[in-house]
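Here is what each chain is made of, one letter per residue.
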Amino acid sequence: MSNVFNQTPLQILTGFLGSGKTTLLNKVVNNPEMKGTVLIINEVGEIPIDNKLISGDNPVIVLDSGCICCTVQDGLVNVLHYLIEERDNNPEFDFNRVIIETTGIADPAPIIDLIFHYEDILINYNFAGTITVVDGINAKEELAHNYEAVKQIAMADKIIISKTDRLSQDEIEALKNTVEDLNQSADVYLSSLDNPPMDAFTSFDIFNTPKDIKTAMKWINSKRSDYKLASGMAPVKMSGVMNKTLPIHSNYQTIAMSFDKPLNRFTVIHAFDAINSQFGESIIRLKGIFDFNDGYPFIIHGVQGECYPITNQIEWEDKPFSQMVVIVSPRIAEQVELMLKQMIRPLDDSEE
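Residues numbered from 1 in each chain as written. Predicted model: local features only at pLDDT ≥ 70, side-chain atom pairs only at ≥ 80, totals over all residues. Heavy atoms only, no water.

K.L.:
How do you make sense of the overall build of the protein when you look at a structure like this?
P.N.:
Tallying secondary structure elements over the protein gives twelve helices and 15 strands in all. Looking at the protein residue by residue over its 352 residues, the buried ones come to 55%. Roughly 16400 Å² of accessible area belongs to the protein as shown, and the carbon and sulfur atoms make up 47% of that amount. (Helix = DSSP H or I, 4+ residues; strand = E, 2+ residues; numbered from the N terminus. Buried < 20%, exposed > 50% of the residue type's maximum accessible area, 1.4 Å probe, protein only. Areas by Shrake-Rupley, 256 points an atom, 1.4 Å probe, with all protein chains shown as cover.)

K.L.:
Looking at this model, I keep getting lost on the layout of surface pockets. Mind explaining?
P.N.:
Empty pockets left among the atoms are what a rolling probe the size of a water molecule brings to light. Of the voids in this model, the second largest pocket is the one considered here, and its volume is about 290 Å³. Taken together, 14 residues line the second largest pocket, and the ones lying closest to its centre are Ala 139, Lys 140, Ala 174, Leu 175 and Thr 178. Classifying every residue of the lining of the second largest pocket by side-chain character gives seven nonpolar, three polar and four charged. (1 Å grid on protein atoms, 1.4 Å probe; cavity = no way out; pocket = protein on both sides within 12 Å on 5 of 7 lines; lining within 4 Å. Points joined across faces, edges and corners; volume = space filled by probe spheres on them. Nonpolar A, V, L, I, M, F, W, Y, C, P; charged D, E, K, R; others polar.)

K.L.:
Help me understand the sheet that holds strand β1 (residues 8-15) in this model?
P.N.:
Sheet strands line up and pair through hydrogen bonds in the backbone, either parallel or antiparallel. Read across the sheet, seven strands follow the order β3-β2-β4-β1-β5-β6-β7 without closing on themselves; strand pairing throughout is parallel. Looking along the sheet, the strands with just one partner apiece sit at the ends: β3 (60-63) and β7 (187-190). Strand-to-strand twist in this sheet, taken as the mean axis angle between neighbours without regard to direction, amounts to 20°. Judged from the four bridges that link them, strand β2 (residues 37-42) and β3 form a sheet pairing that is parallel. Its bridge partner being in β3, Asn 42 is matched across the sheet by Leu 63. (Pairing = 2+ DSSP bridges. Axes fitted to C-alpha atoms, helices over the stretch in contact; angles between N-to-C directions.)

Structure follows, in structure tokens:
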């Protein structure tokens, strides 16, 4: 076990689906100041994609098939223990920081409680706060319809407003005033695609106790009518963790698809346009890595009915593949999955 004076800073990065957490993280961790950072990425879908979108040399550990705020907490504890054991037993393995990127539907409060619940975690790690990414484009709608987005702001020690390059100065100021009013103790940063706020990650305080969630939510609730904030989650079942019950998310469903042949790009784009056009904001998040037989991977992102421009990475790290995850309202999940299966097609012989 590591020396009590050799504690490693541990930060939580959260933010609602499509807020830009992974894009921001990809920019931040490739900065020389972040060398030695271990990334723990939690994905709620059966197919992990976000880890494939992170470039660079930093170690990335994936916790998939569940959300660490409710269903895979044991997995997070095991990973944190593993990192310390590996550092103690392997002189070539070292790290000086851990960042946990949660799913977009995570409630940070149980994750923070978990960190402070285990004495051996506290001996080896210093909790360096929660960073919440707020979607500069969709924040108003997200706060009105998704309680998780509200809770993520309430629990934040730092708030990063993303996509500010797509906002006017008046829109930035209005959103900044909103988040400052909802969480008066958090530092607020602005972020654009080419200008991530490095100091939000490199400069931090150490917290010896978890944030007082009752006080934070009391203040949020006092602002509920002013900002038309969403109310609490309605779980369908409960899971026993640490001798208490925690909600399991029931208002989202994940569709995951894989393809072992190169795809026709036009059918993929047409399928995404079709589901976005028909279901709009009920398409909460879509993301995918695609092999269009061009020699390099293409990445497509979308959130709440909007698709972002297709981007490509320089080269495949291994064998080409296509994977996609779509997070939707459960009422449309069957229709969306059927449309995607019917519309997306592989390249035929004449196109290969």
